[in-house]
Amino acid sequence: MSETDSLRSDLLEAMNFLGAMAAGLEEALGDPSKSISYLAGEKLGLQFSSGANRVDDLQDALQEVSSILYKNHCLWAFEPFKKKSEKEMVHLSQEGEEIMLVFRDCMIRQSLFCYGHPQKGSLCNMMFGFFSGALKNITGYSSRLEIVHAGENACYKRLTLFRKQNPLPA
Amino acid sequence: MVHVEINESGCRGCRMCVDICPTEVFEFDEPARKARVRESEDCIGCLSCSYLCPSKSITHSDFPVVKNFYRDLQFCRKKEAFL
């Protein structure tokens, strides 16, 4: 078996394991399984972003998250999105700043589709956790990544950065 | 930029595309009882509308296609011989 085949084989095994774990956790625990995935993602986000630049602007922070993912070979490409009728990418809400994100290549969606698991489950919460952890290190604020729509070829999510709360200690 | 089109003669007026689209690309033409594209530029290319459309009347072009992971290594090895 060539090196590429071996890597693919490992990847398939990991995807199979992740999908089966998520499906089993959801069945056994119900909603609390989302917390487990969230915490796993948050830990990953905190670890990957430990040496990241501290920035204040939300769009710059997202650029930093994107480069962290790239450096760590994670297939989680995303891009900010605004409708044609909207002027600004970032909106102010009662909780802080909001931005809409489109996720195209997502290793979680790939894993779910590969083994026929539904979207918006506990594994999707891992992404929420990752962003939360990474943005904590980069901006110093907590955040929420909410799935607005889970599609076949892309997902649409709302990221809220809670600027109106006190910043977290560095 | 993603471009969306609805084949008017195929649309049955079920409104599923209008309901599922997260960025309100479609609107419903009440007199004609058919869906129509309101703002093609707002499409994110999730393809949920074309996946759901019962008459497969919605087509997209110029959208980024997510490349699926290989599912079966033996099949992939055979396929790669032609690439």
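Use the structure listed above.
Residues numbered from 1 in each chain as written. Chains lettered and ligands numbered in written order. Predicted model: local features only at pLDDT ≥ 70, side-chain atom pairs only at ≥ 80, totals over all residues.

Caption draft 1: Region of interest: the overall build of chain A. If you tally the helices and strands in chain A, you get 5 helices and 5 strands. Starting at the N terminus and walking to the C terminus, you meet the elements of chain A as α-α-α-β-β-β-α-α-β-β. Relative to the compact-globule value of 15 Å for 170 residues, chain A shows a C-alpha radius of gyration of 16 Å, a close match. With the C-alpha coordinates aligned to their principal axes, the bounding extent of chain A is approximately 50 × 35 × 30 Å. Buried residues in chain A amount to 35% of all 170 residues. Sequence separation of at least 24 residues holds for 66% of the intrachain contacts in chain A that already meet a minimum separation of 6. (Helix = DSSP H or I, 4+ residues; strand = E, 2+ residues; numbered from the N terminus. Rg over C-alpha atoms; globule rule 2.2 N^0.38 Å. Buried ≥ 20, exposed ≤ 12 C-beta atoms within 10 Å, placed from the backbone. Contact = placed C-beta atoms within 7 Å.)

Caption draft 2: Fine view of helix α1 (residues 3–29) of chain A. Residue and element names in this part refer to chain A. Relative to the 39 Å expected for 27 residues at 1.5 Å per residue, α1 spans 38 Å between its end C-alpha atoms, a close match to the ideal helical length. Listed in full, the buried residues belonging to α1 are Met 15, Leu 18, Gly 19 and Ala 22. Buried-residue contacts for α1 involve α2 (32–48) and α4 (107–114). Remark: Gly 30 follows α1 within two positions and exhibits a positive phi of approximately 75°. (Expected span 1.5 Å × (residues − 1).)

Caption draft 3: View of the interface of chain A and chain B. Each side of the interface is counted separately: chain A has 20 residues, and chain B has 19 residues. Broken down by secondary-structure element, the contributors of at least two residues to the side of chain A that touches chain B are α1, β3 (97–106), α4, β4 (143–150) and β5 (155–161) of chain A. The element best represented in the side of chain A that touches chain B is α1(A), accounting for 4 residues. Residues belonging to the side of chain A that touches chain B are distributed by class as follows: 8 nonpolar, 5 polar and 7 charged. (Nonpolar A, V, L, I, M, F, W, Y, C, P; charged D, E, K, R; others polar.)

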